[in-house]
Amino acid sequence: PLCEQHVQSFQKHLDVNPENIVLFTGSVAPKKRAEMWKTAQIVVSTPQGLENDIINKQINLAEVSLLTFDEAHHATGNYAYVWIAKQYEKTAQYARILALTASPGSDLEKIKEVCQNLHVETVEVRTVKDPDVKPYVQEVEHEWVKVKLPNEFKKIQKFLTDCLKSKLRQVQENLFIPVPENKIELLKLQGSLHAKLASGQRDFTVMKSISLLAEALKVHHAVELLETQGIQPLYKYMKKIQDESRTSKVKAVKNLVIDTNFKSAFVFVEKLHEANIQHPKLIELKKYVDKELENEGCKILIFTQFRDSALSILDTLESIQGFRGSLFVGQTKKGNTGSTQKEQKEIIEKFSNGLFNVLIATSVGEEGLDIPQVDKVFFYEPVPSAIRSIQRRGRTGRLEKGQVIMFMTEG
């Protein structure tokens, strides 16, 4: 959908024959793309599609006089942007690259990596205070809404955190090093242990620690679901682990389901699931949306991390008078959800034209899409990434004053 929007804006604003501005996506056959390439002046493409076309020699990068990378902060690791930029630098006689992003990130090393990967020599920065930007930037208000975790949730939280601590304690005893509780640090530690095994150290304590860390990370995710999403997504996740343990040969899964704390937590989760107890954030969100929809023509965008939560938000809000909402999710089919590119485009058009007044989006709605005139953006949970946070907030305050409301669980 983002590529389609670029094609439309180029056709609207450039003095180029509209037929010579073409769109390359996975839904256009490779042979057809090779034909279109011959006569096109401007090609808008998804990175993975372009990468395949270069590998299969369907297109020739030497013929390109300007290569533009939108959402350039993606140019890290082995994302397609990095490889395409490298090939372009190699083959083009006068390579010229323009990279654009509204959210380069908060880490200087990451920004340097993006510049290096895209061969960026000069950086132009604009902030909201710059005179050529200021007239186009509207004020955005921020509000935090805090909710308290119910006592029944706290019991489950206690069992899960005790379970987590016991796993980390065992890793500490095995490796004789302090073990962090932070998820990112745990993943780093797990990575370094895997590297030891890969280098040929078949050490039993290392293998045991890797298995314990896998358990700890599963419990970590369960705690996150409880605190930020609620009982239904947590029940689904724990039930999946239970079911897997019957057939899986993975030690981490088998050991976790026989852990006393994990078993106790699941007993309480099952009870609350049967009683259909909701996370207090869902109740608060409903109140806010109900109040906002009293204003005629109000448009609301709700972001949530998980599709399951998006579905329960949709179910909860459907009883509000005047609510006309839709899910906006990625293309991958999960359960009963998943939207094709065509469906995504239709949803945005209906939202723009006022047929929908509430869009409930996962991360697919964060980037680049020009969704006009969103009055309120709700974060169902805070996001730990500066880039994603900036992208979400940037969906409002485009033409008129906007508001961002973030929900969080205290403690």
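See above for the structure.
Figured I'd write up the structure that's included with this text. What you see is a predicted model, and the numbers here were worked out from it, not measured in a lab.

Turning our attention to the pairing of strand E2 (residues 42–45). Across four bridges, strand E1 (residues 21–24) lies against E2 in parallel orientation. Looking across to E2, one finds that Ile 21 is bridged to Ile 42. Each parallel crossover has a hand, and for E1 linked through helix H2 (residues 30–39) to E2 it is right-handed.

The next thing to look at is the pattern of salt bridges. For the structure shown, the criterion picks out 17 salt bridges. Between Lys 112 and Glu 109 there is a salt bridge, and its shortest N-O distance comes to 4.0 Å. Residue Lys 112 and its partner Glu 109 are both found in helix H5 (residues 108–117); the two are separated by three residues, about one turn of the helix. The closest approach of N and O atoms between Lys 158 and Asp 162, which form a salt bridge, is 2.7 Å. Remark: Asp 162 and Lys 158 occur in helix H6 (residues 151–175); sequence separation between them is four residues, near one turn of the helix. The network of salt bridges with shared partners includes Glu 124, Arg 126 and Asp 132.

To continue, consider the packing of aromatic side chains. Between two aromatic rings, the relevant description is the distance of the centres plus the angle of the planes. Using the criterion set out here, one finds eight aromatic pairs in the structure. Between Phe 24 and Trp 37, the aromatic rings sit 6.5 Å apart at their centres with planes inclined by 50°, giving tilted as the arrangement. Of this pair, Phe 24 sits in strand E1 while Trp 37 sits in helix H2; the two residues are 13 residues apart in sequence, bridging distant segments of the chain. Under the relative-accessibility criterion, Trp 37 is labelled buried at 13%. Note on Tyr 288 and Phe 407: the rings are 5.8 Å apart at their centroids and 80° apart in plane angle, and the pair reads as edge-to-face. Residue Tyr 288 is located in helix H12 (residues 280–292), and its partner Phe 407 is located in strand E10 (residues 402–409); the two are separated by 119 residues in the primary sequence.

Here is what the cut-offs are and how they apply
Residues numbered from 1 in each chain as written. Predicted model: local features only at pLDDT ≥ 70, side-chain atom pairs only at ≥ 80, totals over all residues. Heavy atoms only, no water. Pairing = 2+ DSSP bridges. Helix = DSSP H or I, 4+ residues; strand = E, 2+ residues; numbered from the N terminus. Right-handed = clockwise from strand over helix to strand, strands pointing away. Salt bridge = Lys/Arg side-chain N within 4 Å of Asp/Glu carboxyl O. Phe/Tyr/Trp six-rings, centres within 6.5 Å; stacked < 30°, edge-to-face > 60°. Buried < 20%, exposed > 50% of the residue type's maximum accessible area, 1.4 Å probe, protein only.

What is shown is where atoms sit, not what they do.
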